[in-house]
Amino acid sequence: MQDFYMKFAIDLAKHSRRIGEIPVGCVIVDDKNKMISYAFNSMKKDHDPTAHAEIIAIRKACNKLKTTKLLGFTIYVTLEPCLMCESAIINVGIKKIYFGAYSDNLKSHRCKLKNYFSPKKDYEILGGFQESYCSQLIIDTLKRKR
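Basis of the calculations
- Numbers given for residues are sequential positions, taken from 1 along each chain in its written order.
- A pLDDT threshold of at least 70 governs which residues receive local features in this predicted model, and a stricter bar of 80 or more applies before side-chain atom pairs are shown or counted, although totals over entire chains, interfaces and linings include all residues.
- Side-chain calculation: all heavy atoms of the structure are included, whereas hydrogens and water are not.
- Cysteine sulfur atoms are paired as a disulfide whenever they come within 2.5 Å of each other.
- The aromatic pairing rule takes the rings of Phe, Tyr and Trp, using the six-membered ring of Trp, and pairs them if the centres are within 6.5 Å, calling planes under 30 degrees apart stacked, those over 60 edge-to-face and the rest tilted.
- A run of DSSP states H or I qualifies as a helix once it reaches four residues; a run of E qualifies as a strand once it reaches two. Both are numbered from the N-terminal end.
- In this description, strands pair whenever DSSP reports at least two bridges between them.
- Inter-axis angles, ranging from 0 to 180 degrees, are taken between N-to-C directions of lines fitted to C-alpha atoms, where helices are fitted over the stretch in contact.
- Residue contacts follow a heavy-atom distance rule, with two residues in contact if any of their heavy atoms lie within 4.5 Å.

Draft legend 1. Region of the structure containing the state of the cysteines. Per the stated rule, a full pass over the model turns up 0 disulfides. Between Cys82, a free cysteine, and Cys85, which holds the nearest cysteine sulfur, the sulfur-to-sulfur gap is 3.7 Å.

This is the structure:
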């Protein structure tokens, strides 16, 4: 199922790129492997610096389920979550984070985040799913913009 959800997230990322956004797609799945929500970056479209795919997908899932917690859920995202998104993912109770491309920009943030959340370490972050394809989507998009 991991491949299916990551491929779906990649399709969302491609759509995000087509509308001029940084190509990131995200899918949230419950503990029964049912897709609950999905989203793609829409910061430019919405004029909202917090409109990352993960944040939008979390908002949609919580709204759909009428809750503020997604305990035991899993998130699939094409790019390693930034500090804002990872904090939101953990605070909402998502237990597994699967991502595609690694972000070099996160090394200092990752140390800070580990220190902040280390006593609560009951979540799992797994990277490198469809990594080369997810990375190439980002690289190609950034090359076009330059």
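Moving on, there is more to tell.
Draft legend 2. Spatial organisation of the packing of aromatic side chains. Following the criterion strictly, the structure yields 6 aromatic pairs and no others. Ring plane angle 75° and centroid distance 5.2 Å describe the contact between Phe4 and Tyr5, whose orientation is recorded as edge-to-face. Taken together, a centroid distance of 5.0 Å and an interplanar angle of 90° make the contact between Tyr98 and Phe129 edge-to-face. Of this pair, Tyr98 sits in strand β4 (residues 96-101) while Phe129 is found in the loop between β5 (124-127) and α6 (131-145), placing the two residues 31 residues apart along the sequence. Put simply, the rings of Phe4, Tyr5, Tyr76, Tyr98 and Phe129 pair up and form one aromatic cluster.

Draft legend 3. Geometry of the sheet that holds strand β2 (residues 35-40). Here we have 5 strands laid out as an open sheet, ordered β2-β1-β3-β4-β5, and mixed in their pairing. Of all the strands in the sheet, the pair left with one neighbour each is β2 and β5. Each strand axis lies, on average, 15° off the axis of its neighbour in the sheet, ignoring direction. Relative to β5, β4 runs parallel, the two sharing 4 bridges. By the bridge assignment, Ile97 is partnered in β5 with Ile125. Its contacts with the sheet place helix α1 (residues 2-18) against β1 (25-29), β2, β3 (74-79) and β4, and it is angled at close to 145° to β1.

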